[in-house]
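What follows is each chain in one-letter form.
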Amino acid sequence: MKNLMMLVVGFACFFGAGVYFGKQHGVHSSVTSVATSNPPASAPIKTERSSNNQSTVSIPAGTLVERFQKILKQPSVKRFALFSEFLNTLEPDEFVKVAHLIDGTTTDMRQRFRTALLQKWAAKSLASALSYSESIGRNTEKVAAIAVVVGVWAEKDLDMCLKWIEKLPQESLRTSLFQSVIGSLATTNPEKALALAKANPRSHRDSFMWTIFNQWGMDNPEVAAEAVLQLSAGPGRQQAIQSLASSWATKDAAAAIKWLSSLPDSPETTSAIQNATTQWAVQDPLAAASFALTFKPGQNRNQALSIAVAQWAANDLGAAVTWAQQLPDGTAKKEALNGLSVEWARQDTQGAMKFAESLPPGSVKSSLLINIASQMVNDDPSEAFKWAQNIGDSTTRNQVLRSVVSTLSYQDPKKAAEYLLQLPSNRLEVEALGQVAGAWASENPVAAMEWIKQLPSPSLQREALRGASWNLVSADPKLAASMAESLPPGANRNEFIGNIASAWGNSDINAAVEWTKKLPEQLALACLNNISYQWAQQDPKGAIDYVASMKNQAPYQNFIGNVANQWAQSDPPAAIEWMNQLQDGDLKKRMQTTIATGLAQNSPEQAAVFVSGLPAGEAQNQAANSVVATWSYQDPEAAAKWVAGFPEGKGKEDAIQSVVSNWSNTDPASASKWIQTFPDGKTKESAVVTMVDRISFQSPDIAAQYVEGIQNISQRRTAESEIARRWLQLDRPSAEKWVQGLELPDDQKQQMLKSTAETEP
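Residues numbered from 1 in each chain as written. Predicted model: local features only at pLDDT ≥ 70, side-chain atom pairs only at ≥ 80, totals over all residues. Heavy atoms only, no water.

Visitor: With reference to specific residues and values, describe the overall build of the protein chain.
Guide: For the protein chain, the count of helices and strands is 44 helices and zero strands. Put simply, the protein chain has 761 residues, and 52% of those count as buried. Of all intrachain contacts in the protein chain linking residues separated by at least 6 positions in sequence, the fraction that spans at least 24 positions is 60%. Accessible area for the protein chain stands at about 34700 Å²; split by element, carbon and sulfur atoms hold 50% of it. (Helix = DSSP H or I, 4+ residues; strand = E, 2+ residues; numbered from the N terminus. Buried < 20%, exposed > 50% of the residue type's maximum accessible area, 1.4 Å probe, protein only. Contact = heavy atoms within 4.5 Å. Areas by Shrake-Rupley, 256 points an atom, 1.4 Å probe, with all protein chains shown as cover.)

Here's what the structure looks like:
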């Protein structure tokens, strides 16, 4: 791939990225305030680790404090409304005093009150509101507060606000603030919000699409629908279609589904149709259920039908049951009965039980009996367990018994534990262990651990410890850590300690790191790998420096890679500077791919520029392919343009496979069109096989349209057999018609048609 450098540089110029990496072109380490009509006069936002100490001011006892305290004493339903009225009475110099009063409240109250305060404050004094937001010690709360202020700023002076955000050195902060601006703008000018999102080179722009099109769909769905069609295939388009369909369906489900039906058949449209049908079921469940029957047989029809009937049963159980029972035997009837089984068991337990007992063994009977058992547990757990033990079919009996134990675990975990040990020794018992242990650990951690230690086998103890670890940490992380250390040495203890570290890292990474460092070296290493993501998010340099202090760094290379990947996402210049200083040549090459992957998460274009600066060779090829794998998921068309210019060779072949694999999921027609531009040969053949394989499970009818493009007879026959097998399960009549049209001997066709499938009505 020795010409790759020129290719990438040229492609970056085409995109107009204007992004440079390394020491020479690093982003400034400080932020310069941007002059505005109401300019922030405070110091720039600091992106290094923040102190946990809140800044304090002297609050004199007086009217302001008394009024605030009175609000806190009000019932929660009145508190926020009174606080909003209170804000309207404040003078500009009183905002900061109220802000520090809010700092002393509970987390939920603090966040809600602070948001309301900052919206008022920023409207009157943007500079001082931003200055206070920067002073907040808790990093998550600080970013949320700054986002509120920036949202107000964007409404007053969007261009200056965006320029200021773009000068921030920390990628994650820029993304959070940019998302705040997009969300604010989407409510007033969705067209401009969309233009801004599309101009953003970061992968996070895909998440903006939901916000934009959800609002747009409620205000002007027809115009929003036209805008969706202009989007390139990829996650962003999927989000837009799903969001628009969901909001449009709340107003006019029939119109939303009609529009969705006009789009090319793909997983993204069928899923959106299912969601819209769900919305329709709230408005008119009979119409929604009837419409679901018009779907082609398959998973989407089954789920849409089940959801529609479930909603119907909640509104009118008798009508829903009558309608479902009159359906012809087959998958549709089964799914309809499954859908209403919860409500049937809740509203008419005896009637549901009588009907269930008349059914032959199978999923419908099991579903009804499980839901009946769940209702019985609420009334009399002992009676429910006794009744379940008398079910004749052993498979159904075990499933219902497990359901009884699972339901009871949230009501009385100690009692559930007693019943659990009476279940047959099989996988169902093992699966329930984690649930019971987790529920009990939330209620009584000490009792739960004593019970786990007394379980009769190491395998059962392991499953229970897995289920308990997260809840133990939530209840008391230090107690959980001491419990983990008290276990006898062995695999169970090591795994449990690793789970404790992971859970603790989510709530308090600093405490988790300090605890982990005190563990024996091999166990500490395993735990560090578990918390590498959280540590890298907060202090990547500290994590790297810790490893650098080790005499033997080789075992930590996995950890180093995890940290480097996250570092490249949050602060690319710093991560690249660190990589360039590595003395270990092999480690440096591995980190090139790792950092390229991290960069690609936020900006594949910037990652491409980074790859262009790497020496030609295998390391550059691997880094380029890691970028392609991410880019082709985010924007397959752009990735395809880049890959098309790669020099011939294995690197290009691998890159093409990545593009085709991801593109086929969202837009197989466009992927096929791109493949057809290839010259005949191994690369083209391999691409067609990949595409057919990717879509045959979800959409075998679509895969069937492209299978003839496979020239290798053996590979084509394998693909045809897989398509037939899956299609026969979803829509046997259509699959049979397709198989009969294949150019195959009759005996081979008959062999295909023997594939196991349930006959559709």
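Visitor: Break down helix H30 (residues 521–538) for me, with residues and values.
Guide: Approximately 60 degrees is the largest bend angle found in H30, and it occurs at Ile531. What H30 keeps buried is the set Leu523, Ala524, Leu525, Cys527, Leu528, Ile531, Ser532, Gln534, Trp535 and Ala536. Considering only its buried residues, H30 is in contact with helix H28 (491–507), helix H29 (509–517), helix H31 (540–548) and helix H32 (557–570). (Bend = angle between axes of the 7 residues up to and from the residue.)

Visitor: Pulling in residues and values, what's your account of the nonpolar core?
Guide: Ranked by internal contacts, the top residues of the largest apolar core, which has 241 residues, are Phe83, Leu117, Ile212, Phe213, Trp387 and Trp451. Discounting chain neighbours no more than four positions away, the residues touching Trp387 are Met353, Leu369, Ile372, Ala373, Met376 and Val400. (Core = buried A, V, L, I, M, F, W, Y, C linked by side-chain atoms within 4.5 Å.)

Visitor: So what about the packing of aromatic side chains? Which residues, and what values?
Guide: Summed over all chains, the structure comprises 25 aromatic pairs. A ring pair is formed by Trp440 and Trp451, whose centres lie 5.6 Å apart and whose planes are at 45 degrees; its orientation type is tilted. Taken as a pair, Trp440 in helix H24 (residues 427–443) and Trp451 in helix H25 (residues 445–453) lie far apart in primary sequence, 11 residues in all. With respect to class, Trp440 is no different from Trp451; both count as buried. Ring geometry for Trp642 versus Phe646: centroids 5.0 Å apart, planes at 85 degrees, classification edge-to-face. Each member of the pair, Trp642 as well as Phe646, carries the same accessibility label: buried. Sitting above the plane of the Phe80 ring, Arg112 keeps its charged end 4.0 Å from the centroid. (Phe/Tyr/Trp six-rings, centres within 6.5 Å; stacked < 30°, edge-to-face > 60°. Lys NZ or Arg CZ within 6 Å of the ring centre and 35° of its normal.)

Visitor: Could you give me a rundown of the confidence of the model for the protein chain, with the residues and numbers involved?
Guide: Averaged over every residue, the pLDDT of the protein chain is 81; residues scoring 70 or more account for 88%. Overall, residues 1–61 carries pLDDT values under 50, and its contacts beyond four positions in sequence, including any with other chains, amount to 119 contacts. Every residue in residues 756–761 scores below 50 in pLDDT, and together they form 21 contacts with partners more than four places removed in sequence or on other chains. (pLDDT = per-residue confidence, 0-100.)

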